[in-house]
Amino acid sequence: MDTIFGVPTSALAGQVFLGLINGSFYALMSLGLAIIFGLLHVVNFAHGVQYMLGALVAWVLLDVWGLSYWWALLLAPMVVGLSGLFIERFFLRHLYHLDHVYALLLTVGMGILIEGLVKYKFGIGGQPYPNPLLGGVDLKLTFVPLYRLWVIVVALVACLGTWYFIDRTKLGSYLRAANENPNLVRTFGVNVPRMLMLTYAFAVALAGFSGVMAAPIYQVSPFMGSNLIIVVFAVVVIGGMGSILGSIVTGFGLGIIEGLTKVFYPEGASVVIFVVMILMLAIRPNGLFGRSQ
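Here the structure is a predicted model, which is why all the values come from computation and not from measurement.

1. Observations regarding the overall build of the chain
- When its secondary structure is counted, the chain shows eleven helices and four strands.
- For 293 residues, the compact-globule estimate of 2.2 N^0.38 gives 19 Å, and the C-alpha radius of gyration of the chain, at 19 Å, lies within 12% of that figure.
- Dimensions of the chain, computed from the C-alpha atoms along their principal axes, are close to 65 × 50 × 35 Å.
- Residue burial in the chain is summarised as follows: out of 293 residues, 49% are buried.
- In the chain, 76% of the contacts between residues at least 6 apart in sequence involve partners at least 24 apart.
- Just so you have it, the chain exposes about 14,200 Å², and 69% of that area is on carbon and sulfur atoms.
- For the chain, the centre of its 14 positive side-chain charges and the centre of its 10 negative side-chain charges are spaced 12 Å apart.

In structure tokens:
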């Protein structure tokens, strides 16, 4: 059997694949956070709860209405996005002119409130969600379950598509300018408040989309968002706060690093991302793709 540093190549390949799965969720989640911070200057601590809501809506659609995963993949992000419209319109909008800490505290409170309501209504136990794609692909070095391969491909397409839209299109340039120079953007006939509201809704819809894809892998639990959000914030800091491309590259990259750490030093797998974050803050505080202010 082939080995690398004494570790079977099949074990390495398996952990790299698992790292790509985790990295898919890190990238999608940190992408939404980067959009909200970069375009609205809001640190959205409710993002983990919005991820959980996506999974919960998918489970409710299946359990109550009998709608399949594929319907949930379309409808659940829309539901979460609509909740984002409500939060931005009636709460966040009134805090943009204040210090950033007010919006941060609001989203922390929102997250705690929503998680508490979900625990009250559905309990604290995890709910299984059926795998929509059975079978797998034998890649010789490792066996790849088909659904997990689907998650990696879809996450990559969604991330790159979002990056291209925001960074390379005319509408994306309006989005980037809307918070920095709203008066200039208004001269082009753009409704800036509506654009910011839709931006927040789109970013939290990405979190809901991630939650739907996570449901068959991690089960649906009120705690699934709070267990992930701290790691995702570390990913955002390493990539550069507000950097779209940084979130994507760092999300997938740290997922692979975490997976390889499980092979070479399992005890450090749960903290390796935070070690990288500490080193990054010491060496390059603005992150890999961040810009000096």
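Next comes the rest of the account.
2. Description of the environment of Asn227
- Along the chain, Asn227 turns up in helix H9 (residues 226-239).
- A C-alpha to C-alpha distance of 15 Å links Asn227 and Gly255, two positions 28 residues apart in sequence.

3. Topic: helix H5 (residues 146-168)
- The first and last C-alpha atoms of H5 sit 32 Å apart over 23 residues, in line with the 33 Å expected at 1.5 Å per residue.
- Every buried residue of H5 is accounted for by Tyr147, Val151, Ile152, Val154, Ala155, Ala158, Cys159, Thr162 and Ile166.

4. Some points on the environment of Thr169
- Structurally, Thr169 is set in the loop between H5 and helix H6 (170-180).
- It is 18 Å that separates the C-alpha atoms of Thr169 and Gly32, two residues lying 137 residues apart in sequence.
- Separated by 3.1 Å, the side chain of Thr169 and the backbone nitrogen of Gly172 make a polar contact.

5. Looking at empty space enclosed by the protein
- Taken as a whole and assessed by the stated rule, the structure comprises one cavity of 30 Å³ or more.
- Considered as a void within the structure, the largest cavity measures approximately 40 Å³ in volume.
- Lining the largest cavity we find Leu33, Ala34, Phe37, Val42, Val43, Asn44, Phe233, Val236 and Met241.
- Mapped onto the lining of the largest cavity, the elements with two or more residues apiece are helix H1 (9-40) and H9.
- When residues of the lining of the largest cavity are assigned to their parent elements, the largest contribution, three residues, is made by H1.
- A class-by-class count of the residues in the lining of the largest cavity yields eight nonpolar, one polar and no charged.

6. Some remarks on unusual backbone geometry
- Phi at His41 is positive, roughly 60°, even though this residue is not glycine.
- In this fold, His41 is placed in the loop between H1 and helix H2 (47-65).
- With phi around 70°, Gln219 is a residue other than glycine that occupies positive phi space.
- On the secondary structure map, Gln219 appears in the loop between helix H8 (192-218) and H9.
- A relative accessible area of 36% places Gln219 in the partly exposed class.

7. So, the packing of helix H3 (residues 69-90) against H8
- Contact geometry of H3 with H8 gives a least axis separation of 7 Å together with a crossing angle of 145°. The two elements H3 and H8 cross, and the hand of that crossing is right-handed. Listed contacts from H8 to Tyr69, Ala72, Leu73, Ala76, Pro77, Val80, Gly81, Gly84, Leu85, Ile87, Glu88 and Arg89 of H3 are Leu196, Met197, Leu198, Tyr200, Ala201, Val204, Ala205, Gly208, Phe209, Val212, Met213 and Pro216.
- Class assignment for the residues of the contact of H3 with H8 results in 19 nonpolar, three polar and two charged.

8. Section: the layout of surface pockets
- By volume, the second largest pocket is sized at about 180 Å³.
- Its residues assigned to classes, the lining of the second largest pocket comprises seven nonpolar, two polar and no charged.

9. Quick look at the packing of H2 against H8
- Where H2 meets H8, the axes come as close as 6 Å, and the angle between the chain directions of the two elements is 55°. When the axis of H2 is compared with that of H8, the two are oblique. Of the two possible hands of crossing, H2 and H8 adopt the one that is right-handed. Contact with H2, carried on its side by His47, Gln50, Tyr51, Gly54, Ala55 and Ala58, involves Tyr200, Ala203, Val204, Ala207, Gly208, Ser210, Gly211, Val212, Ala214, Ala215 and Tyr218 of H8 and no other residues of that element.
- Along the lines of polarity and charge, the residues of the contact of H2 with H8 split into eleven nonpolar, six polar and no charged.

Conventions adopted
- Residues numbered from 1 in each chain as written.
- Predicted model: local features only at pLDDT ≥ 70, side-chain atom pairs only at ≥ 80, totals over all residues.
- Heavy atoms only, no water.
- Helix = DSSP H or I, 4+ residues; strand = E, 2+ residues; numbered from the N terminus.
- Rg over C-alpha atoms; globule rule 2.2 N^0.38 Å.
- Buried < 20%, exposed > 50% of the residue type's maximum accessible area, 1.4 Å probe, protein only.
- Contact = heavy atoms within 4.5 Å.
- Areas by Shrake-Rupley, 256 points an atom, 1.4 Å probe, with all protein chains shown as cover.
- Lys, Arg positive; Asp, Glu negative; His and termini not counted.
- Charge placed at Lys NZ, Arg CZ, Asp CG, Glu CD.
- Expected span 1.5 Å × (residues − 1).
- Polar contact = N/O pair within 3.5 Å; in protein donor to acceptor, adjacent residues only side chain to side chain.
- 1 Å grid on protein atoms, 1.4 Å probe; cavity = no way out; pocket = protein on both sides within 12 Å on 5 of 7 lines; lining within 4 Å.
- Points joined across faces, edges and corners; volume = space filled by probe spheres on them.
- Nonpolar A, V, L, I, M, F, W, Y, C, P; charged D, E, K, R; others polar.
- Axes fitted to C-alpha atoms, helices over the stretch in contact; angles between N-to-C directions.
- Left-handed = near helix turned anticlockwise from the far one by under 90°.
- Parallel < 35°, antiparallel > 145°, perpendicular 65-115°, else oblique.

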